[in-house]
Amino acid sequence: MAERVTNSEFREKVIGHPGLAVVEFYSDSCVPCKRMSPVLAALEDRYQENIYVAKVNVAYENELAEEYNIGSTPTFLFFRNGGIVERFSGARKRDELEQIIESNL
Amino acid sequence: MRDLLIIGSGPAGMSAFIYAKRANLDVLVAEKEFLGTGQIAESLQVDNYIGLVGKSGYELGEAFRQDAEKFGAEFYEGKALKITQKNAFWVTEFDNGESVESKAVIYAAGASHKRLHIPGEDKFLGNGVSFCALCDGALYQNKTVAVVGGGDTALDDALYLSDIAAKVYLIHRRTEFRGAQKNILKVKKKTNIETVLAVNVTGINGDSRIEAITLDNGNKITVDGVFIAIGMAPQTDVLGDIVEIDDYGYVIADETGITKAPGLFAAGDVRTKKLRQVITAASDGANAAISAIEYLKSSECI
């Protein structure tokens, strides 16, 4: 399960993660977010040694949503050694996500 | 070549798939949205589908899809752009540049949110312009938003957002709201909802973020987000003139789904009918599948 991180943990767990971190900014009532849950879980299983998967609930972590200019949910940010290497909004296919991960590992 | 291409993975498409598959047709289901289940997914709760009252719309949509998957449904990701008849079969072109050939087509692409078609709408879509208050409302804590529309969805959105945002402008082009009276009364009681009537929004302005909207009375309102709730429109543009379309964009077809074009059937929200609900969409899918099966048999395609 992707770990839910709060504003206070974000710097250490995501920015400070050595390697690739995938963060989903989500909201509870968002349909495409629900659809992406099993996809994220599958990615986490497959790349467990190589990626860190985190979720940020925009209803509670408003400052983070502001900081990263989140305009809709879900929005996915890919951090490599603390820097953003990719971002997109909306549901995507598992193999597209795998491609992004593979090219940034 | 497939026996049948079903365009749409909502209740009509999924129901059509099960009937067609049980008749041993070789069926492909095309969907424009990855893992889509149609508009039902956005319904908080379904209160009028017998046997399933109280289920969430999302769960119901997933259940339809999972049932189709049990029958081996094969999905194709792509938005249909053009459908043409070539000799005795159909060619459907998709936005990925590919095309699919089939002996028959069931068109069940449903309806989508109506757009304002004003400057700034496309630019800020997904970044300040939203069709889903429940999804994106949380991003506007203590901010100012506009809701555009006058029906129950617009009223519900304004009420929902008024508990999150500091201020909600509810903007409607007519002098009275169309929604239920109880919703209108609730809106009137909310001190942070300001209704703006008899005006049209003519533009959404801003640099990297929305800063304001302009109205056709010359006024400008400073907002951080815009929620559009002006209804749904059938997705029938791609059919061109191969079928008959009424003044509102619906394919003219009765409950058999049979259209002017032999071998192309319409099901669900895209066709002319009185009641557009999940239950009638599922029923349409079944009927259209039977029509397609009969068509394929009679034309000895299978």
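Residues numbered from 1 in each chain as written. Chains lettered and ligands numbered in written order. Predicted model: local features only at pLDDT ≥ 70, side-chain atom pairs only at ≥ 80, totals over all residues. Heavy atoms only, no water.

### Things to note about the overall build of chain A
When helices and strands are counted, chain A shows four helices and five strands. For chain A, the N- to C-terminal ordering of α and β elements is β-α-β-α-β-α-β-β-α. Taken over the C-alpha trace, chain A has a radius of gyration of 12 Å; the compact-globule value for 105 residues is 13 Å, and the two agree within 12%. In terms of overall dimensions, chain A has a C-alpha envelope of 30 × 30 × 20 Å along the principal axes. About 4,800 Å² of surface is accessible on chain A, with carbon and sulfur atoms providing 43% of the total. Across chain A, the centroid of the 12 positively charged side chains sits 5 Å from that of the 17 negatively charged ones. (Helix = DSSP H or I, 4+ residues; strand = E, 2+ residues; numbered from the N terminus. Rg over C-alpha atoms; globule rule 2.2 N^0.38 Å. Areas by Shrake-Rupley, 256 points an atom, 1.4 Å probe, with all protein chains shown as cover. Lys, Arg positive; Asp, Glu negative; His and termini not counted. Charge placed at Lys NZ, Arg CZ, Asp CG, Glu CD.)

### What to know about the interface of chain B and chain A
Taken together, the contacts link 22 residues of chain B with 21 residues of chain A. Between chain B and chain A, roughly 1,800 Å² of surface is buried when both sides are summed, and carbon and sulfur atoms account for 52% of that area. By the criterion of area lost to chain A, the three top residues of chain B are Phe34, Tyr58 and Leu139 of chain B, representing 32% of everything that side buries. The tally of links between chain B and chain A comes to four salt bridges. (Contact = heavy atoms within 4.5 Å. Buried area = accessible area lost by both parts, 1.4 Å probe. Salt bridge = Lys/Arg side-chain N within 4 Å of Asp/Glu carboxyl O.)

### What to know about the packing of aromatic side chains
Residues and elements named next belong to chain A. Across all of its chains, the model carries eleven aromatic pairs over all chains by this definition. Relative to phenylalanine 79, the ring of phenylalanine 10 has its centre 5.8 Å away and its plane inclined at 75°; by these criteria the two rings are edge-to-face. Residue phenylalanine 10 is found in helix α1 (residues 7–15), and its partner phenylalanine 79 is found in strand β4 (residues 75–80); the two are separated by 69 residues along the sequence. Both residues of the pair, phenylalanine 10 and phenylalanine 79, belong to the buried class. (Phe/Tyr/Trp six-rings, centres within 6.5 Å; stacked < 30°, edge-to-face > 60°. Buried < 20%, exposed > 50% of the residue type's maximum accessible area, 1.4 Å probe, protein only.)

### A closer look at helix α2 (residues 31–46) of chain A
In this model, α2 of chain A (16 residues) spans 24 Å end to end at C-alpha, consistent with the 22 Å of a helix rising 1.5 Å per residue. Where α2 of chain A bends most, at serine 37 of chain A, the angle is about 30°, and the proline proline 38 of chain A comes one to four residues later. Looking only at α2 of chain A, the buried set comprises Val31, Pro32, Cys33, Arg35, Met36, Val39, Leu40, Ala42, Leu43 and Glu44 of chain A. As for α2 of chain A, its buried residues are in contact with β2 (20–26), β3 (51–57), β4 and α4 (94–104) of chain A together with α2 (57–70) of chain B. (Expected span 1.5 Å × (residues − 1). Bend = angle between axes of the 7 residues up to and from the residue.)

### A word on the pairing of β4 of chain A
All names here are of chain A. With five of six residues buried, β4 lies mostly within the body of the structure. With six bridges joining them, β2 and β4 adopt antiparallel strand pairing. Looking across to β4, one finds that alanine 21 is bridged to phenylalanine 79. With six bridges joining them, β4 and strand β5 (residues 83–89) adopt antiparallel strand pairing. Among the inter-strand pairings, leucine 77 is bridged to a residue of β5, identified as arginine 87. (Pairing = 2+ DSSP bridges.)

### Things to note about the side chain of lysine 143 of chain B
By secondary structure assignment, the location of lysine 143 of chain B is in the loop between α4 (133–136) and β9 (144–148). For lysine 143 of chain B, the residues in contact, after removing those within four places along its chain, are Glu66 of chain A together with Ala165, Ala166, Lys167, Arg209 and Asp224 of chain B.

### Looking at the state of the cysteines
Residues and elements named next belong to chain B. All told, the structure shown has two disulfides over all chains when counted by the stated rule. Paired by a disulfide, cysteine 132 and cysteine 135 hold their sulfur atoms 2.2 Å apart. Here cysteine 132 and cysteine 135 share a disulfide; its torsion about the S-S bond, 70°, makes the bridge right-handed. Cysteine 135 matches cysteine 132 in its accessibility class, with the two residues each being buried. (Disulfide = S-S within 2.5 Å.)

### Some thoughts on the confidence of the model for chain B
When the pLDDT values of chain B are averaged, the result is 94; 99% of them are 70 or greater. The ipTM, which scores confidence in the relative placement of chains, is 0.79 for this predicted complex, and the corresponding pTM is 0.83. (pLDDT = per-residue confidence, 0-100.)

### Some points on the sheet that holds strand β8 (residues 129–130) of chain B
All names here are of chain B. The five strands are arranged β8-β15-β9-β10-β11 in an open sheet whose pairing can be described as parallel. Strands with a single pairing partner mark the edges of an open sheet, and in this sheet they are β8 and β11 (193–197). Judged from the five bridges that link them, strand β10 (residues 167–172) and β11 form a sheet pairing that is parallel. Along β11, the bridge assignment pairs valine 168 with isoleucine 193.

### A look at the domain arrangement of chain B
Each assigned domain of chain B is listed here: domain 1 (2–113 + 232–298) and domain 2 (121–228). Here the C-alpha centroids of domain 1 of chain B and domain 2 of chain B sit 32 Å apart. (Domains from an automatic or database assignment.)

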